[in-house]
Amino acid sequence: MTEISKPEVKELDKMLNFLDKLQASGTINMLAAPEFLMGQFWVDKKESKAVFNYWAQLKQRGER
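Residues numbered from 1 in each chain as written. Predicted model: local features only at pLDDT ≥ 70, side-chain atom pairs only at ≥ 80, totals over all residues. Heavy atoms only, no water.

## Things to note about the confidence of the model for the protein chain
Heads up, the condition is: The predictor attaches a confidence to each residue, called pLDDT, with possible values from 0 through 100. Counting from the N terminus, the helices are the DSSP runs of H or I reaching at least four residues and the strands are the DSSP runs of E reaching at least two.
Summing up the model confidence of the protein chain, the mean pLDDT is 94 and the portion of residues at 70 or higher is 98%. Averaged over each element, pLDDT in the protein chain is lowest for helix 3 (residues 45-60) (96) and highest for helix 1 (residues 12-25) (98).

Given below as C-alpha coordinates:
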(Lines give C-alpha, C1' and ligand atoms only; values in the text may rest on other atoms or scores of the structure.)
Protein backbone atom coordinates (compact mmCIF):
# COMPACT_ATOMS: atom_id res chain seq x y z
CA MET A 1 0.00 0.00 0.00
CA THR A 2 1.19 3.49 -0.82
CA GLU A 3 1.93 5.64 2.19
CA ILE A 4 -0.03 8.89 2.29
CA SER A 5 1.79 11.77 3.93
CA LYS A 6 0.29 13.66 6.84
CA PRO A 7 -1.54 16.73 5.50
CA GLU A 8 -0.29 20.14 6.59
CA VAL A 9 -3.58 21.64 7.76
CA LYS A 10 -4.21 23.79 10.82
CA GLU A 11 -6.91 21.72 12.54
CA LEU A 12 -5.93 18.19 11.51
CA ASP A 13 -6.68 16.57 14.89
CA LYS A 14 -10.12 18.20 15.03
CA MET A 15 -10.81 17.07 11.47
CA LEU A 16 -9.80 13.49 12.19
CA ASN A 17 -12.02 13.43 15.30
CA PHE A 18 -14.86 14.92 13.25
CA LEU A 19 -14.49 12.11 10.68
CA ASP A 20 -14.49 9.48 13.45
CA LYS A 21 -17.73 10.91 14.87
CA LEU A 22 -19.29 11.24 11.43
CA GLN A 23 -18.56 7.60 10.67
CA ALA A 24 -19.85 6.46 14.06
CA SER A 25 -23.11 8.33 13.48
CA GLY A 26 -23.82 6.25 10.39
CA THR A 27 -25.73 9.15 8.85
CA ILE A 28 -23.77 9.50 5.61
CA ASN A 29 -21.77 7.48 3.13
CA MET A 30 -18.19 8.34 4.10
CA LEU A 31 -17.27 8.98 0.47
CA ALA A 32 -19.19 12.25 0.93
CA ALA A 33 -17.10 13.19 3.98
CA PRO A 34 -14.73 15.57 2.13
CA GLU A 35 -17.75 17.78 1.35
CA PHE A 36 -18.60 17.88 5.06
CA LEU A 37 -15.01 18.81 5.92
CA MET A 38 -15.15 21.72 3.46
CA GLY A 39 -18.32 23.04 5.08
CA GLN A 40 -17.27 22.48 8.68
CA PHE A 41 -13.63 23.62 8.55
CA TRP A 42 -13.53 26.00 5.58
CA VAL A 43 -10.85 24.07 3.70
CA ASP A 44 -10.70 23.68 -0.05
CA LYS A 45 -11.47 20.52 -1.99
CA LYS A 46 -7.82 19.47 -2.29
CA GLU A 47 -7.20 19.82 1.46
CA SER A 48 -10.42 18.03 2.40
CA LYS A 49 -9.58 15.08 0.15
CA ALA A 50 -6.03 14.93 1.53
CA VAL A 51 -7.35 14.83 5.10
CA PHE A 52 -9.98 12.23 4.21
CA ASN A 53 -7.44 10.00 2.44
CA TYR A 54 -5.06 10.28 5.39
CA TRP A 55 -7.89 9.40 7.81
CA ALA A 56 -8.94 6.43 5.65
CA GLN A 57 -5.37 5.14 5.63
CA LEU A 58 -5.16 5.44 9.43
CA LYS A 59 -8.47 3.54 9.72
CA GLN A 60 -7.24 0.80 7.40
CA ARG A 61 -4.09 0.37 9.50
CA GLY A 62 -6.15 0.31 12.70
CA GLU A 63 -4.66 3.54 14.03
CA ARG A 64 -8.00 5.34 14.51
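Having seen the structure, we can now continue with the description.
## Re the pattern of salt bridges
To be explicit about the condition: Salt bridges are identified by distance alone: a Lys or Arg side-chain nitrogen within 4 Å of an Asp or Glu carboxyl oxygen. Think of it in three bands: residues with accessible area under 20% of the maximum for their type are buried, residues over 50% are exposed, and the middle band is partly exposed, with areas taken using a 1.4 Å probe on protein chains only.
Per the counting criterion, the structure on display carries 3 salt bridges. For Glu 11, the salt bridge identified is with Lys 14, shortest N-O distance 3.5 Å. Residue Glu 11 is classed as partly exposed on the basis of its relative accessible area of 30%. For Lys 14, a relative accessible area of 52% gives the class exposed. The partner of Arg 64 in a salt bridge is Asp 20, with the nearest N and O atoms 2.6 Å apart. Placement of the pair is Arg 64 in the segment after helix 3 and Asp 20 in helix 1, with a sequence separation of 44 residues.

## Some words on the environment of Gln 23
Formally: Every residue pair with non-hydrogen atoms within 4.5 Å of one another is taken to be in contact.
In this structure, Gln 23 sits in helix 1. In sequence terms Gln 23 and Ala 33 are 10 residues apart; their C-alpha atoms lie 8.8 Å from each other. Those residues in contact with Gln 23 that lie beyond four places of it in its chain are Met 30, Trp 55 and Lys 59.

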